[in-house]
Amino acid sequence: RLGPRAAPTHPLALVPAVGPERTVDAFVREYLEELNFSQGAPLARSTVNHQYLALARTVRSYLMADWLETAARRREQPTKMVGYLSAEYLLGRQLDNALLNSDLAEIVEQAMAALGLDLNELRAQEVEPGLGNGGLGRLAACFVDSLATMDVSCIGFGIRYEYGIFTQVFTPDGRQVEAPDNWLALGAPWEFPNPDRAVRVSFGGHTETYADDSGRERRRWVPGWSVRGIPYNYMVPGYRNGVANTLRLWSAEATSAFDLETFNSGDYVDAVRAQTFAQNISKVLYPEDSTPQGRELRLQQQYFFVACSINDYLHGTLSKDFDLTRLPEQIIFQLNDTHPVIAIPELMRILLDEHGMNWDQAWAITSRCFAYTCHTLLPEALEVWPADLVGRLLPRHLEIIYGINDQFLDLVRATYPGDELRVRAMSIVAEAPFKGIRMAHLAAVAATKVNGVAELHSTLLREKVLVDFARLWPEKFTNVTNGVTPRRFVRMANRPLADLITSTIGDGWVRDLEKLRELEPYADDAAFREAFRAAKRANKERLAGIALRTGDLVLPTDHLFDVMVKRLHEYKRQLLKLLHIVTTYESIISGEVTPEQVTPRVVIFGAKAAPGYRMAKEIIHLINRVAAVVNADERVCGRLQVVFPANYNVTLAERIIPAADLSEQISLAGKEASGTGNMKLALNGALTIGTDDGANVEIRRLVGDENFFLFGLTEPEVADLQRQGYSPGSYFESNPTLRRAIGLIASGHFTDGDRSVVGPIVGDLLANDRYLVLADFQSYLDAQARVDAAYGDQDAWSRSAILNVARCGFFSSDRAMRDYIDRIWGAEVRR
Ligand code: H53
């Protein structure tokens, strides 16, 4: 129940919420109040954790007025809302983002200094919420940031995993070991649990036919068990605009009914077991990226969070008497990959079974409330749920999916009479290799729009992955090229560059990244180039400082920092980078070149492998072994170094990306949907060496061929080669450089003479090489030679780097959000 019965009359209750005063003294007072009376710790006896928690809470209280105001405004003047449904949000640390967006940084710096506290030490205390795997989860975090900055009404819905992406550690031997990410252990100062708004979510049981009041036959679901979803709200502050949107993450608990029953039966142990059973649903993030996990618990997670979210929206946000036929005017649910697609039959079920609509009425609404973003091109990465599993867990939803499919296949048959092959290809229900529900097909049928995440990707979606759907509904398909938030990834992560840009063209770029264009003329200004280099050097020094503390390595900042940071996946081809390293190394130790002849490089890797992905873990091991040998070999004279800090995450990305000179974007053409690291690196002044894949295509077009190192087969060439029958052996035989590099690895040189360790990798490369590493090897080496030559002319290099920054404003997630509004959501989401 809301508020007092009568409207509040107390004068203070009428005043719109006003945050605390924005002065250093006021902040100190608020901070000490929080530390003393909420944390219960006097300053002199407080731990760093107390101090951090108090700081986070104090900053949060400064944002609270904006949050309340925004919510009140959205209630009073409702516009169409975006419900962003994503199983992942890879948020990164919150403190600095909150300080930046609320413009409190200076006040806080002074306040902490006045109290004798080290702000950097407090910053370091925050454990980032790693509630995502990689690109997809980080994209969702960038999108909610942009929507808040643009004052678009949006709730980001997701799951509050108790354990996020695992913490990666390396054994002394260099193998990946996964440790649980207990991110909540030291307190969660940014979240607001709201058990008042808990939602009940059911599973299992059976369906039945019954006669309703008017004697009509209807179907209904008699569930077998249920859990409670507790919402945890997070503020999503816009950039200095007084707006704060909401991210609502759901946590699963046992229902009290469940508890009571078992408690009444006297079995305490069973009751507690029920509790843990329910809690399992939001216990842990599946650490797979771009590959699906067909596990029952995963489907439970998916249904759990979308059922909570839709229910919350219908019952918590809409007024009681809302006319549901107008639902599509009020909400658009954006489906982030297939993970939330079970929301489609869930909305149908609610309209049919809970609101008594007939099928056509329910479909007319449902088919206008969803839009679907596909993030992959790997057919094996599209989720297909076994029909018997769906039937067991969500029997009513399975019936509805069959209903949607029947109606859809009628349309296909009417459109293509006699074409049963096409019917089979397009069906939502696959019959082989097992009876399964193709979630991407369900999404393509029900969504108003389907988009890919880069131009090339959207083209390939239309022409290959979802070709039949695009022919049937050409107007449904569109592209929105991904983007990244310039607030976190330039303004926050790269202060030296941000300050240089602002002092040159003003600070408008932080909200309007196309303004970076104004930097173009400065590429020809020697003083600006020098300042630009100084900024890069400062970032490299900061990173070198971290490497020195954690790995005893001295990284000379005049060496080329060559960066490959992304999830470990064979299609991304970390092995190709490794072959380049080994080739350079081999050319030195064989005496073919002197160390002085090579362009000195520091190669920096960051990558986690899915715990069950054997080959990816072998590759991590090999990179670490090569790094150990190369770094220790005195013949190299430190001209080639390989560093691979463990546990690459958003926090580390914010340190590494600003320090990069060269960005490695070397996936096999046609495999990387977009990439977003490529955008962050270019915006931070790294030049790209890359294939014609994903968003690389658009980066190259914008920055110009002369400022980009292109190599490798194109997507059509890859397709041709694979049609003809690709044989990696012929590339191996015909390329002596390649033979020497692979030979050195195979000899056990990097593994203490143990060849069995490298066997699987080398064997697979020579026999299968699914991602055409060997086919692109020579082209890659040639491009790296062009990199070496270019780096030799520092002035020309800086010029190119500046042009990369100046021309990549397009890759702001603000622009991506404008594209979603123009092409998918409709201008109604704007106020
Ligand atoms: O999504 C990114 C893309 C990237 C793509 C990635 C992705 C995941 O992280 C997880 C699942 C999936 O299907 C795709 O691999 O290319 O940039 C954001 O769109």
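Here, every reference points to the structure presented above.
Residues numbered from 1 in each chain as written. Predicted model: local features only at pLDDT ≥ 70, side-chain atom pairs only at ≥ 80, totals over all residues. Heavy atoms only, no water.

**Digging into the side chain of D776**
Consideration 1: Summarising the element assignment, D776 is placed in helix α32 (residues 773–792).
Consideration 2: According to the relative accessible area criterion, D776 is buried, its value standing at 1%.
Consideration 3: Setting aside anything within four residues of it in sequence, one finds D776 in contact with R573, L668, T691, F711, G712 and L713. (Helix = DSSP H or I, 4+ residues; strand = E, 2+ residues; numbered from the N terminus. Buried < 20%, exposed > 50% of the residue type's maximum accessible area, 1.4 Å probe, protein only. Contact = heavy atoms within 4.5 Å.)

**Things to note about a nonpolar patch on the surface**
Consideration 1: A cluster of nonpolar side chains, namely Y268, V269 and V272, defines an oily patch on the protein surface of about 290 Å² accessible area.
Consideration 2: Looking at the secondary structure, you find Y268 in helix α9 (residues 268–279). (Patch = residues over 30% accessible without salt bridge, like charges linked within 9 Å, V, L, I, M, F, W, Y side chains within 5 Å. Areas by Shrake-Rupley, 256 points an atom, 1.4 Å probe, with all protein chains shown as cover. Salt bridge = Lys/Arg side-chain N within 4 Å of Asp/Glu carboxyl O.)

**Details of the pairing of strand β14 (residues 370–373)**
Looking along a regular strand, one sees side chains alternate from face to face of the sheet.
Consideration 1: Across the two faces of β14 the burial is the same, with F370 and Y372 and A371 and T373 all buried.
Consideration 2: In the sheet, strand β13 (residues 331–336) pairs with β14 via four bridges, with the strands oriented parallel. Across the sheet, residue N336 finds its bridge partner in β14, namely T373.
Consideration 3: In the sheet, β14 pairs with strand β18 (residues 450–452) via two bridges, with the strands oriented parallel. (Pairing = 2+ DSSP bridges.)

**Comments concerning the sheet that holds strand β17 (residues 436–438)**
Two pairing modes exist for strands in a sheet, parallel and antiparallel, and in both the strands are linked by backbone hydrogen bonds.
Consideration 1: Spatially, β15-β17-β16 is the arrangement adopted by the three strands of the open sheet, whose pairing is antiparallel. Either end of the sheet is taken by a strand with one partner, and the two such strands are β15 (384–386) and β16 (429–430).
Consideration 2: Across the sheet, helix α17 (residues 439–446) touches β15 and β17, and the angle it forms with β17 is around 45 degrees. (Axes fitted to C-alpha atoms, helices over the stretch in contact; angles between N-to-C directions.)

**Considering the pattern of salt bridges**
Consideration 1: Taken as a whole and assessed by the stated rule, the structure comprises 58 salt bridges.
Consideration 2: Ionic pairing is found between D312 and R248, a salt bridge with its closest N-O pair at 2.6 Å. Of this pair, D312 sits in helix α10 (residues 296–317) while R248 sits in strand β12 (residues 244–254); the two residues are 64 residues apart in sequence, bridging distant segments of the chain.
Consideration 3: The buried category is assigned to R248, whose relative accessible area is 10%.
Consideration 4: In this structure, D353 engages R396 in a salt bridge whose closest nitrogen and oxygen atoms are separated by 2.7 Å. Here R396 lies in helix α15 (residues 395–415) and D353 lies in helix α12 (residues 343–354), a separation of 43 residues in the sequence.
Consideration 5: In this structure, a network of salt bridges that share partners links the residues D173, R175, E618, R625 and D752.

**Let's talk about the pairing of strand β5 (residues 167–170)**
Consideration 1: Strand direction decides the pairing type here: β5 and strand β6 (residues 176–179), joined by four bridges, are antiparallel. Paired with F170 across the strands is Q176, a residue of β6.
Consideration 2: Following β5, the chain reverses through five residues before pairing antiparallel with β6; G174 in that reversal takes a positive phi of roughly 95 degrees.

**Some details on the packing of helix α22 (residues 526–551) against helix α33 (residues 794–807)**
Packed helices, taken two at a time, are described by the angle between their axes plus the distance between the axes.
Consideration 1: The interhelical angle for the contact between α22 and α33, taken along N-to-C directions, is 80 degrees, at an axis separation of 10 Å. Considered as vectors, α22 and α33 are oriented roughly perpendicular to each other. Together, F528, R529, F532 and R533 of α22 and Q794, D795, S798, R799, A801, I802 and V805 of α33 make up the contact between the two elements.
Consideration 2: Partitioning the contact of α22 with α33 into residue classes produces five nonpolar, two polar and four charged. (Parallel < 35°, antiparallel > 145°, perpendicular 65-115°, else oblique. Nonpolar A, V, L, I, M, F, W, Y, C, P; charged D, E, K, R; others polar.)

**Let's talk about the site of the ligand**
Consideration 1: Near the ligand, the surroundings consist of 16 residues, among which D289, D337, H375, E672 and G675 are the closest.
Consideration 2: A distance of 3.0 Å separates an oxygen atom of the ligand from a polar atom in the backbone of L136.
Consideration 3: In this structure, an oxygen atom belonging to the ligand sits 2.7 Å away from a main-chain N or O atom of G675.
Consideration 4: Computed on the free molecule, the ligand has an accessible area of 420 Å², of which 96% lies beneath the protein chains in the complex.
Consideration 5: Here the shell around the ligand is composed, by residue class, of five nonpolar, eight polar and three charged.
Consideration 6: Summarising the domain contributions, the shell around the ligand has at least three residues from each of domain 1 (24–285) and domain 2 (551–809). (Near = heavy atom within 4 Å. Polar contact = N/O pair within 3.5 Å; in protein donor to acceptor, adjacent residues only side chain to side chain. Domains from an automatic or database assignment.)

**Side note on the side chain of T688**
Consideration 1: With respect to the helices and strands, the residue T688 is situated in strand β24 (residues 687–690).
Consideration 2: Residue T688 is classed as buried on the basis of its relative accessible area of 0%.
Consideration 3: Not counting residues within four places of it along the chain, the set of residues in contact with T688 comprises L662, S663, Q665, I699, F708 and F709.

**Thoughts on the sheet that holds strand β21 (residues 601–606)**
Consideration 1: As summarised here, the arrangement of the six strands in space is β22-β21-β20-β23-β24-β25, forming an open sheet in which the pairing is parallel. This sheet does not close on itself; its edge strands, each paired only once, are β22 (640–643) and β25 (708–710). Recorded for the sheet is a direction-independent mean angle of 20 degrees between the axes of neighbouring strands.
Consideration 2: Examined bridge by bridge, strand β20 (residues 560–565) and strand β23 (residues 662–665) share two bridges and lie parallel to one another.

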